[in-house]
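Below, each chain spelled out in residue letters.
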Amino acid sequence: MLLAPFVIIIRILRPVRLIRFGYFSVDRIGHLAFDVEIYLAQQSLGRQQTRTLDIFFLKGKESNLYLVQMVRRRICAHPIVQYLYRANDLIPFGEKHKLLPARETANSRDFTKTLNRTYPQMAFTDKDKLAGRWFFQKLGLKAEEKIVVLMVRDSAYLESLHQGRDWSYHDCRDTDINAYQEMSIEL
């Protein structure tokens, strides 16, 4: 592989600076939001060494462009990193230079309760908040009005993402939007 010499140089430089290659899957909103948040929370608790540089690539079809934009504000991500990641895998003894997302290591779960010990790491900027207010105004809502947002899941997205794959193990999480009609009217 063409980038193998760069990986060897990076490994030689490990005593001075540890460079790690990782990725985040962007094809599922929940995994992306959780995995980046848990990584940043662990980093804020000092679990990352000070002489460490983590660089990432984003893997998969982007499920939420805005969330990807928020992620890019907080981590260093570039497509070339996927090739460094692969080259690192080809050369033995590269585990110290590899970062796996929580989706791979813990099924996107916080078993160590890291999130309970930190403040949210990803947040809306003032510009984001202003854009949100403008959007609500465009819908005819006033700033002081309360709104309710329903997030109702069905299997259509996953089926369109990977056609032919059996996603039925998620069926227990699916909901019919019509089941919320009375509650929506009441609210």
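Residues numbered from 1 in each chain as written. Predicted model: local features only at pLDDT ≥ 70, side-chain atom pairs only at ≥ 80, totals over all residues. Heavy atoms only, no water.

A.B. asks: Pulling in residues and values, what's your account of the packing of helix 2 (residues 29-44) against helix 3 (residues 65-74)?
C.D. replies: At a closest axis distance of 11 Å, the pairing of helix 2 and helix 3 adopts a crossing angle of 15 degrees. Between helix 2 and helix 3, the interaxial angle falls into the category roughly parallel. Considering the relative orientation of helix 2 and helix 3, their crossing is left-handed. Across the interface between the two elements, Ile 29, Leu 32, Ala 33, Val 36 and Leu 40 of helix 2 pack against Leu 67, Val 68, Val 71 and Arg 74 of helix 3. When its residues are assigned to classes, the contact of helix 2 with helix 3 shows eight nonpolar, no polar and one charged. (Axes fitted to C-alpha atoms, helices over the stretch in contact; angles between N-to-C directions. Helix = DSSP H or I, 4+ residues; strand = E, 2+ residues; numbered from the N terminus. Parallel < 35°, antiparallel > 145°, perpendicular 65-115°, else oblique. Left-handed = near helix turned anticlockwise from the far one by under 90°. Contact = heavy atoms within 4.5 Å. Nonpolar A, V, L, I, M, F, W, Y, C, P; charged D, E, K, R; others polar.)

A.B. asks: Explain the layout of surface pockets to me, and be specific about the residues and the numbers.
C.D. replies: Put simply, the largest pocket is a space of about 530 Å³. Taken together, 19 residues line the largest pocket, and the ones lying closest to its centre are Arg 28, Ile 29, Arg 153, Tyr 157 and Arg 173. When contributions to the lining of the largest pocket are tallied by element, the ones reaching two or more residues are helix 2 and helix 7 (156-161). With three residues, the top contributor of residues to the lining of the largest pocket is helix 2. By residue class, the composition of the lining of the largest pocket is seven nonpolar, five polar and seven charged. Lining of the second largest pocket is provided by 23 residues; of these, Ile 38, Tyr 39, Gln 42, Leu 100 and Thr 105 occupy positions nearest its centre. For the lining of the second largest pocket, the secondary structure elements donating two or more residues are strand 1 (18-25), helix 2 and helix 5 (102-105). For the lining of the second largest pocket, the class distribution of residues is 12 nonpolar, six polar and five charged. (1 Å grid on protein atoms, 1.4 Å probe; cavity = no way out; pocket = protein on both sides within 12 Å on 5 of 7 lines; lining within 4 Å. Points joined across faces, edges and corners; volume = space filled by probe spheres on them.)

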